[in-house]
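Below, each chain spelled out in residue letters.
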There are 2 protein chains.
Amino acid sequence: MAADKSDQQYEHTLEESVPLRENARHRRYTSERGALPKDEDEKGRGVKRPSESSNPQQIKRDQRWAACCQRLFLSWIGAEWIFLILLGIFLALLSFFMDIFIFLFTDAHRFLYHASDSNVMLQYLSWVVFPLLLMLFAAGFTQLFAPQAAGSGIPEIKTILRGVMLKEYLTFKTLMTKVISLVCVLGSELPVGKEGPFVHFGAICAAVVCKFMSFFSDIYKNEARNLEMLTAGCAVGIGCCFAAPLGGVLFSVEVTSMFFVVRNYWRGMMSATFGILIFRLLVVWKKEEETIMALFPTTFRLDHPFDLQELPVFIAMGIVCGFGGALFVYLNGQITRFVKKQKAMNNFLISNCFVYSGLVSVFISTLTFPPGFGQFMAGQLTQKDSLISFFDNRTWSRDGIVEDFDQDDHLFAWKHPQANVFVVLSVFVFMKFWMSALSITLPIPCGSFVPVFVIGAAFGRLVGEGMATLFPDGIETDEVYHPVVPGAYAVVAAAALTAGITHTISTAVIMIELTGQIRYGLPILAAVIISNIIAQNLQPSIYDSIIRIKKLPYLPEMGWGHQDKYNIHVEDFMVRDVQYISLKSTYKDLLKILRMTKLKKLPLVKSAESMILLGSVERAQLCSLIKQRVQELRERVEGRYEVHFQRSTDESSAASADAVSPKSALRRSSDTEETTDTPTKSSSILKNLLFGDAQAVMIEDDGDVDGERILREIKEWEEQQLDEQVNFNNCKIDPAPFQLVERTSLHKTHTMFSVLSLNHAYVTSIGRLIGVVSLREMRKAIEGSLTDEGLKLRPVLISFQDYGTGANNFITEKTKVQKLLDPDVNLTQQPNTSDQ
Amino acid sequence: MAADKSDQQYEHTLEESVPLRENARHRRYTSERGALPKDEDEKGRGVKRPSESSNPQQIKRDQRWAACCQRLFLSWIGAEWIFLILLGIFLALLSFFMDIFIFLFTDAHRFLYHASDSNVMLQYLSWVVFPLLLMLFAAGFTQLFAPQAAGSGIPEIKTILRGVMLKEYLTFKTLMTKVISLVCVLGSELPVGKEGPFVHFGAICAAVVCKFMSFFSDIYKNEARNLEMLTAGCAVGIGCCFAAPLGGVLFSVEVTSMFFVVRNYWRGMMSATFGILIFRLLVVWKKEEETIMALFPTTFRLDHPFDLQELPVFIAMGIVCGFGGALFVYLNGQITRFVKKQKAMNNFLISNCFVYSGLVSVFISTLTFPPGFGQFMAGQLTQKDSLISFFDNRTWSRDGIVEDFDQDDHLFAWKHPQANVFVVLSVFVFMKFWMSALSITLPIPCGSFVPVFVIGAAFGRLVGEGMATLFPDGIETDEVYHPVVPGAYAVVAAAALTAGITHTISTAVIMIELTGQIRYGLPILAAVIISNIIAQNLQPSIYDSIIRIKKLPYLPEMGWGHQDKYNIHVEDFMVRDVQYISLKSTYKDLLKILRMTKLKKLPLVKSAESMILLGSVERAQLCSLIKQRVQELRERVEGRYEVHFQRSTDESSAASADAVSPKSALRRSSDTEETTDTPTKSSSILKNLLFGDAQAVMIEDDGDVDGERILREIKEWEEQQLDEQVNFNNCKIDPAPFQLVERTSLHKTHTMFSVLSLNHAYVTSIGRLIGVVSLREMRKAIEGSLTDEGLKLRPVLISFQDYGTGANNFITEKTKVQKLLDPDVNLTQQPNTSDQ
């Protein structure tokens with residue numbers, strides 16, 4: 001039931017968001033035409049029209065000149081490339097400065113650790129307390145300022161790009177909170193990554209820049225276009241994170257979209273290339289590097305990168321990584337589920353979620369403490385240093401190599417007096433695996449890409465070293481021996497394991513761009529594809545898993561190779577019992593339907609007999625229709641019972657005088673909240689009457705017999721009035737809601753829903769409305785009953801919803817109207833009713 | 001006018017193709033339900049239902065066992081990965097064996113040339129005649145067997161993926177013709193490429209494999225799915241051509257689609273990777289290479305690939321290449337236009353198009369003749385050898401290097417006793433530029449990617465050598481000198497110029513995969529993007545240019561950064577004067593409308609007053625409605641005038657007896673063609689009456705006064721009957737045609753048309769039909785008046801249309817019906833009326 005309820009909540013969110021893409025232009029148009037007189041409308045459209053005045057010619061010429069300049073400036077600022085370049089610069093700077101701060105933190109950590117090497121206890125404290133403090137700060141800061149900044153952000157961006165606006169996720173506040181927290185988290189060396197948050201950053205930057213640009217150019221007010229810009233933002237984000245323009249764009253596409261406009265790919269590519277150019281130039285400018293290079297450049301041999309006989313080993317690694325990826329997602333899901341299941345603990349954690357983060361931080365730091373257990377898993381290495389060491393060109397298992405490792409070198413961490421390289425690598429893989437799966441469940445900004453990448457690289461190195469030991473002279477082809485390159489195995493496995501978790505192929509491209517070598521392109525691709533096939537058959541991707549756990553309103557993908565979906569048709573899963581209004585509906589019918597259903601849009605048919613679909617009407621519109629009617633009635637009533645009401649109004653003002661009683665104050669305040677635009681008491685009585693809440697009337701007017709009689713009279717008269725047919729003349733009707741046919745296949749419906757970001761579609765048969773399909777039915781049809789498997793919401797999301805009242809755009813006129821009509825609907829059920 | 005007419009032709013094609021994607025399932029369903037009884041329907045659905053018989057138990061068990069096996073086999077064969085792997089293998093083998101044959105031809109050419117070096121004249125002959133013969137064969141072969149195999153194929157595939165089925169383009173015959181012709185063309189060393197044809201091959205292979213698989217599994221009968229498979233096919237095709245899986249997939253996406261399903265990217269990637277693995281393994285198996293490597297591996301230095309100070313040069317090259325790309329497209333268009341304008345020549349060429357090909361071949365061979373002018377442009381090098389030499393690691397302009405070039409080396413071609421490297425390179429660039437632009441206008445299978453790639457590489461080499469001369473010691477950073485690598489300039493410019501012509505970014509990826517080095521990734525990307533921006537602003541891509549010239553029914557792209565499209569709305573360009581039928585239409589109205597319009601689908605409204613849109617009806621359906629009515633009437637009439645008609649039928653059989661008169665034979669044959677299913681003469685009289693062709697009646701029945709009276713009577717009675725309301729009971733109505741609102745923006749309409757492959761959409765306002773938008777209006781709205789600029793069709797396409805009668809699926813029942821109704825519509829105007 002809980003599952004269903006939360007599903008219902010999103011239905012609302014969904015319905016709300018339709019105008020954003022579907023009919024935004026139309027709506028704005030009608031509201032402009034409807035509400036404003038023609039002139040005002042023209043003025044409202046902005047600066048493009050040269051203003052004309054009755055001043056002398058000189059001023060006129062000046063004005064014309066100014067208008068011309070303005071137009072030029074606007075066309076320039078409206079140009080897409082300006083936006084894309086701004087976006088690139090913004091994210092490049094962000095990435096660059098974040099890297100600096102993260103490095104500062106990890107460096108300080110190392111410094112403290114080495115400074116206190118006189119005493120193991122002191123050293124332990126400095127090793128554990130530093131990250132603990134950072135973590136506590138990050139978790140507390142996130143919780144305090146923007147709980148929605150926690151997590152990777154990719155699932156939410158995926159949902160937003162699907163057309164469901166989760167407003168709070170794209171604010172500047174969220175950006176700043178997430179940036180600061182992420183720097184702390186990464187500085188604390190928890191095994192989490194930054195790719196997910198960077199996708200989020202990219203999207204926020206795009207949204208913020210769009211908002212900023214909208215001051216200058218009207219084009220940026222088009223929501224559909226802005227959503228497209230978000231895609232570009234994601235691409236730049238991920239690109240700047242890995243200095244991988246191609247991989248970044250492809251990854252962001254694969255991860256966030258199901259359909260993909262080639263135009264967006266263009267935008268992303270341009271912005272990402274520019275961003276990365278800036279990002280890498282900054283590095284060169286800081287004299288860290290001589291020229292623009294890859295982030296983790298490898299120097300494997302070019303002439304004979306791998307032997308064909310190694311190909312089966314690469315593919316086998318792909319298979320293992322596929323299973324590993326699925327296991328990781330499963331483990332992560334199980335941990336989340338376990339934490340949620342502990343009721344008592346759960347309550348404690350929701351209120352003190354940073355305690356949980358702190359505990360995990362201490363636990364992990366203790367295990368990685370280099371003089372302790374950390375010595376068996378190269379605990380002192382940061383993720384970056386580990387990666388550099390895994391991609392090393394040497395073969396560690398060869399005799400004497402490990403002994404040569406220098407104290408100052410990263411590789412020194414892999415040298416252990418008792419255990420050999422294989423043991424250390426195995427322990428590393430095992431420990432990091434569950435540590436990462438645990439860490440990314442914390443309510444802090446964290447990505448899962450990089451930690452998995454590191455685990456994969458370690459696993460590959462392990463296999464590579466094994467191969468090098470098996471074939472010490474290398475692999476023979478035509479009597480020529482080619483030595484095994486363990487670093488290449490690390491590269492292949494890193495890509496394959498990440499692919500297994502993210503279900504993307506572009507990890508191969510990211511890998512190629514990260515290492516700056518494509519000679520292993522084919523083995524990487526093959527392993528990535530194999531890993532993908534296995535992982536996709538076992539588990540959803542980590543992002544889809546989080547979407548399921550968080551129950552975000554996202555339409556699941558069709559899955560790869562599910563041919564049976566072509567044989568399910570709309571008639572098999574549509575809802576036949578449609579709630580509708582007809583041209584002949586009375587106000588009473590309207591009220592009844594509004595009470596019965598919570599849909600945000602209702603179909604309008606010609607008559608109950610013909611059922612010819614004419615369009616759809618928003619709930620808010622219907623509410624305002626009734627409100628108008630009430631207003632009309634009230635005016636008439638007031639004319640009729642003027643004297644009586646005059647008296648009762650006096651009474652009510654008297655009641656407001658004795659405001660000492662807290663109960664009456666409470667009642668009054670709730671009154672004013674509900675009826676800000678109906679100041680006289682009469683209206684509140686009327687309202688109560690209209691909605692049949694007789695008890696309230698009795699409380700208000702107890703003892704007043706005269707009033708009671710009048711009210712009864714009004715009620716009778718009113719009921720009569722409400723039997724009148726609704727006047728739809730002033731109602732905004734969406735004249736072309738999306739329609740399907742009974743025999744449209746699930747596959748095609750899915751395509752339409754995805755491409756057009758639909759939330760519902762009406763099923764018609766020769767003009768007659770016969771059913772409706774909403775996202776929920778779609779989801780059920782695709783996944784069976786996903787909601788049954790579902791879990792309660794994560795604290796983060798719960799807080800996002802409950803704290804909704806804190807956001808000023810949650811309470812809008814519409815909700816008020818609705819509350820007016822449906823007293824049982826409370827605000828928390830409609831977190832995103834605004835679509836401005 | 002000509003332009004409009006051809007546009008009209010495609011309108012038909014378009015309208016025809018709707019069912020393929022839009023409503024294929026629905027249509028099939030209704031036709032099954034409508035035409036077949038329930039049982040037959042079930043049987044028609046195939047093998048999945050175990051057959052039950054009254055035989056003994058043993059047989060029953062056997063049958064069940066067999067059915068189970070069959071099901072297993074079917075699910076296995078239906079699995080997507082089988083299909084993808086088959087596709088990969090097929091194309092890998094194709095690519096591999098084509099390469100072998102092309103090499104054989106070029107090798108034979110070289111052998112002949114060197115064998116005849118005793119006499120320059122003989123040498124010239126052997127240099128010119130060999131390619132001439134190949135070209136004549138290729139052109140003749142193409143013209144004879146499959147004229148649609150000519151050209152690159154990408155424009156047509158783009159159109160097909162847009163939803164317009166150009167049937168002949170995806171047959172096995174076309175594949176074989178194109179393969180054989182392409183081998184000859186490439187063997188003749190004309191500067192054309194193979195990437196376009198390979199996209200075409202990929203699509204054909206996918207279509208053929210789909211067709212093959214459809215014998216085993218019903219899933220392959222789903223056209224929407226098959227279209228998705230075509231996309232995968234294209235990706236594999238281009239991938240196998242360049243051994244570039246990533247680049248291939250991206251290129252095929254960029255070139256063929258505007259919208260792109262991430263699912264397809266997955267499919268393409270898997271199939272391409274597998275195909276390329278096979279393709280490269282075959283090369284290793286042939287002992288040409290030791291292991292899997294890139295096609296043109298480069299070995300530039302890894303430590304300091306380029307200096308930051310070189311970046312502006314790379315970007316400048318991007319700018320020049322952008323202009324160059326636009327110039328190439330312009331030049332190619334102008335040549336096509338020029339050739340078409342010469343009326344007399346045009347007629348000659350259409351009939352003898354291989355003569356034109358031969359002339360061009362001789363002209364180009366003469367210019368490249370190595371002892372002649374060819375010595376100034378490295379004439380003896382094939383495209384592959386040129387590329388290898390451009391990507392060479394040495395700096396040619398350095399003193400003494402060119403002198404060291406060995407006779408057997410490819411580089412020897414660049415050594416000239418009088419002219420230096422710069423002159424030879426410049427001449428090469430200039431000559432190849434126009435030669436390539438000319439060659440790809442020939443009616444032979446040819447791609448434009450590779451020749452442009454070679455030109456770009458040459459240009460880059462030229463710039464690189466220039467830089468090396470300017471900075472002989474290399475470029476200084478921090479007092480370290482890094483020598484210039486001219487080969488890298490060639491790589492960057494090749495990618496940039498190709499990008500300028502194809503308007504794709506994936507050329508960067510292809511380049512990286514071709515050379516097997518990504519160290520120059522960022523300069524390549526930057527140059528490619530700059531080149532794209534410039535070229536896109538100047539000219540359409542080469543494929544769009546061909547689409548325009550050929551007037552294929554393709555919706556142009558919105559262009560990059562055309563924000564004004566967001567402010568154009570449907571109401572601004574919709575057709576308000578809609579041809580419609582209403583439920584109250586009479587047969588007469590129907591006939592009138594069918595005569596007036598040639599639309600393939602007509603909207604059905606409730607009544608002319610209400611204009612409520614109920615659905616749309618196909619023209620063919622309406623025709624058959626009238627036909628049915630005529631049949632009914634005829635039966636009634638026959639009952640009434642049985643005796644008279646008996647006599648006139650006798651007369652007609654007597655007429656058929658004296659078949660010696662050619663005129664009567666002609667008349668009879670035309671009769672049978674028109675009325676195959678109406679054997680009695682009465683029907684032909686009736687028909688003539690019905691369609692008001694009184695003259696024909698007079699000719700048929702001259703002298704027969706009695707018949708005349710009867711006919712007059714029938715006519716009167718008939719006219720009465722035709723005033724009856726149409727009975728739509730047996731008519732298949734599409735209940736949900738796509739609807740738009742007046743205020744839908746052009747941008748959104750474009751998206752919908754592209755994604756859903758629409759051909760038209762009705763504009764409704766609260767259920768009322770107020771306008772219609774078809775592809776044509778869309779195109780006009782986007783491009784202004786494209787059709788005015790247009791040209792006559794290319795001979796290839798003309799021949800494709802005129803020879804249409806040779807294809808058995810051109811004359812279908814529907815055209816017949818239509819001909820029946822509209823005697824003035826001739827077949828050539830509807831080349832693709834079939835949609836089976």
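Residues numbered from 1 in each chain as written. Chains lettered and ligands numbered in written order. Predicted model: local features only at pLDDT ≥ 70, side-chain atom pairs only at ≥ 80, totals over all residues. Heavy atoms only, no water.

A.B. asks: Before we move on, can you summarise the overall build of chain A with the specific residues and values?
C.D. replies: Along the backbone of chain A there are 35 helices and 10 strands. Looking at chain A as a whole, 61% of its 836 residues qualify as buried. Considering only residue pairs separated by 6 or more positions, chain A has 77% of its internal contacts joining residues 24 or more positions apart. On chain A, roughly 33,000 Å² of surface is accessible, and the fraction owed to carbon and sulfur atoms is 59%. (Helix = DSSP H or I, 4+ residues; strand = E, 2+ residues; numbered from the N terminus. Buried < 20%, exposed > 50% of the residue type's maximum accessible area, 1.4 Å probe, protein only. Contact = heavy atoms within 4.5 Å. Areas by Shrake-Rupley, 256 points an atom, 1.4 Å probe, with all protein chains shown as cover.)

A.B. asks: A description of the relation of the copies chain A and chain B should follow, citing residues and the corresponding values.
C.D. replies: For the pair chain A and chain B, the superposition axis carries a translation of 0.1 Å, the fit reaches an RMSD of 0.1 Å, and the rotation angle comes to 180°. Seen this way, the second copy is the image of the first under a two-fold rotation axis. In terms of C-alpha distance to the rotation axis, chain A has F260(A) as its closest residue, with the C-alpha 2.5 Å off the axis. In this assembly, 99% of the residues forming the interface of chain A have copies in chain B that are likewise at the interface, indicating an isologous arrangement. (Least-squares fit on C-alpha atoms with pLDDT ≥ 70 in both.)

A.B. asks: How would you sum up the interface of chain A and chain B? Please name residues and give values.
C.D. replies: Each partner contributes residues to the interface: chain A has 104 residues there, and chain B has 103 residues. Put simply, chain A and chain B have zero salt bridges between them. Inspection of the chain A/chain B interface yields six residue pairs in polar contact (both at pLDDT 80 or more). Of all the elements, helix α11 (residues 262–285) of chain A adds the most residues to the side of chain A that touches chain B, at 12 residues. Across the side of chain A that touches chain B, the residue classes tally to 56 nonpolar, 28 polar and 20 charged. (Salt bridge = Lys/Arg side-chain N within 4 Å of Asp/Glu carboxyl O. Polar contact = N/O pair within 3.5 Å; in protein donor to acceptor, adjacent residues only side chain to side chain. Nonpolar A, V, L, I, M, F, W, Y, C, P; charged D, E, K, R; others polar.)

A.B. asks: Which residues make up the environment of F130(B), and what values go with them?
C.D. replies: Residues and elements named next belong to chain B. Looking at the element boundaries, F130 is found in helix α5 (residues 120–145). Considered as a pair, F130 and V362 are 232 residues apart in the sequence and their alpha carbons are 9.8 Å apart. The contact partners of F130, leaving out residues within four places of it in the chain, are F105, A108, H109, L112, L125 and G187.

A.B. asks: Describe the pairing of strand β10 (residues 768–774) of chain A, naming the residues involved and giving the relevant values.
C.D. replies: Residues in a regular strand point their side chains to alternate faces of the sheet. All names here are of chain A. Burial runs high along β10: six of the seven residues are buried. The pairing of strand β9 (residues 760–765) with β10 spans six bridges and is classified as antiparallel. Bridge pairing in β10 links A761 to V773. (Pairing = 2+ DSSP bridges.)

A.B. asks: I'd like a description of the sheet that holds strand β5 (residues 601–605) of chain B, backed by residues and values.
C.D. replies: All names here are of chain B. Taken in spatial order, the four strands make up an open sheet running β4-β5-β6-β7, and their pairing is mixed. The outermost strands of the open sheet, each flanked by one partner alone, are β4 (581–582) and β7 (733–734). In this sheet, β5 lies alongside β4 in parallel orientation, the contact comprising two bridges. Across the sheet, the residue bridging to S582 is V605, located in β5.

A.B. asks: Lay out the packing of α5(B) against helix α7 (residues 172–187) of chain B with the relevant residues and their values.
C.D. replies: Residues and elements named next belong to chain B. The contact between α5 and α7 brings their axes to 8 Å, and the two run at 165°. One way to sum up the angle between α5 and α7 is to call them roughly antiparallel. In this structure, the crossing between α5 and α7 has a hand that is left-handed. Of the residues in α7, those touching α5 at F130, L134, M135, F137, A138, F141, T142 and F145 are K173, T177, I180, S181, C184, V185 and G187. Along the lines of polarity and charge, the residues of the contact of α5 with α7 split into 10 nonpolar, four polar and one charged. (Axes fitted to C-alpha atoms, helices over the stretch in contact; angles between N-to-C directions. Parallel < 35°, antiparallel > 145°, perpendicular 65-115°, else oblique. Left-handed = near helix turned anticlockwise from the far one by under 90°.)

A.B. asks: Tell me about a nonpolar patch on the surface, and name the residues and values.
C.D. replies: Residues and elements named next belong to chain A. Taken together, the side chains of F90, F137, F172, M176 and I180 present a nonpolar region at the surface, about 440 Å² in accessible area. Top contributing element to the nonpolar patch by residue count: helix α7 (residues 172–187), with three residues. Summarising the element assignment, F90 is placed in helix α4 (residues 80–115). Under the relative-accessibility criterion, F90 is labelled partly exposed at 36%. (Patch = residues over 30% accessible without salt bridge, like charges linked within 9 Å, V, L, I, M, F, W, Y side chains within 5 Å.)

A.B. asks: So, the confidence of the model for chain A: which residues are in play, and what are the values?
C.D. replies: Detailed reading of the predicted coordinates is not advisable wherever pLDDT falls low. All names here are of chain A. Across chain A, the average pLDDT comes to 73, with 73% of residues at 70 or higher. Per-element confidence in chain A ranges from a low mean pLDDT of 27 for helix α34 (residues 795–802) to a high of 93 for helix α19 (residues 486–502). Every residue in residues 645–703 is under pLDDT 50, and counting partners more than four places away or in other chains gives 56 contacts. Scored below 50 in pLDDT, residues 785–836 makes 112 contacts in the model with residues more than four places away or belonging to other chains. Quick note on the complex model: pTM equals 0.74, ipTM equals 0.73. (pLDDT = per-residue confidence, 0-100.)

A.B. asks: How would you summarise the pattern of salt bridges if you had to cite specific residues and measurements?
C.D. replies: Summed over the entire model, instances satisfying the criterion amount to 12 salt bridges over all chains. Between D99(A) and K194(A) there is a salt bridge whose closest N-O contact spans 2.6 Å. On the criterion of sequence distance, the pair formed by D99(A) in helix α4 and K194(A) in the loop between α7 and α8 (195–213) is long-range, its members being 95 residues apart. Classification of D99(A) as partly exposed rests on a relative accessible area of 28%. Its salt-bridge partner being D392(B), residue R394(B) comes within 3.3 Å of it at the nearest N-O pair. Since its relative accessible area comes to 38%, R394(B) is described here as partly exposed. Residue D392(B) is classed as buried on the basis of its relative accessible area, which comes to 15%.

A.B. asks: So what's going on with the packing of aromatic side chains? Which residues, and what values?
C.D. replies: All names here are of chain A. Enumeration over the complete set of coordinates arrives at 40 aromatic pairs over all chains. Their ring planes at 80° and their centres at 6.4 Å tell us that F296 and F391 sit as a pair that is edge-to-face. Of the two residues, F296 sits in the loop between α11 and α12 (311–341) while F391 sits in the loop between α15 (383–390) and α16 (401–404), which places them 95 residues apart along the sequence. In this structure F391 comes out as buried when scored by relative accessible area, which is 5%. The rings of F300, F306, F314, Y489 and Y520 are connected pair by pair, giving a single aromatic cluster. In this structure, R461 packs its charged tip against the face of W396, placed 4.1 Å from the ring centre. (Phe/Tyr/Trp six-rings, centres within 6.5 Å; stacked < 30°, edge-to-face > 60°. Lys NZ or Arg CZ within 6 Å of the ring centre and 35° of its normal.)

A.B. asks: Summarise helix α6 (residues 154–161) of chain A; cite the residues concerned and give the values.
C.D. replies: All names here are of chain A. Here α6 lies mainly inside the structure; eight of its eight residues are buried. Every buried residue of α6 is accounted for by I154, P155, E156, I157, K158, T159, I160 and L161. The first or second residue beyond α6 is G163, which carries a positive phi of 115°.

A.B. asks: How would you summarise the sheet that holds strand β8 (residues 739–740) of chain A if you had to cite specific residues and measurements?
C.D. replies: Residues and elements named next belong to chain A. Strand order in the open sheet formed by three strands is β8-β9-β10, with mixed pairing between adjacent strands. At either end of the open sheet lies a strand with only one pairing partner, and these are β8 and β10. Two strands pair when backbone bridges link them, and β8 and β9 are joined in this way by two bridges, in the parallel orientation. Paired with Q739 across the strands is Y762, a residue of β9.

A.B. asks: A description of the state of the cysteines should follow, citing residues and the corresponding values.
C.D. replies: Taken as a whole and assessed by the stated rule, the structure comprises zero disulfides over all chains. In this model C68(A) remains outside any disulfide bridge; the closest cysteine sulfur is found in C69(A), 5.9 Å from its own. The class of C68(A) is partly exposed, set by a relative accessible area of 32%. The thiol sulfur of C241(B) is not disulfide-bonded, and the nearest other cysteine sulfur, from C240(B), lies at 8.7 Å. Residue C241(B) is classed as buried on the basis of its relative accessible area, which comes to 2%. (Disulfide = S-S within 2.5 Å.)

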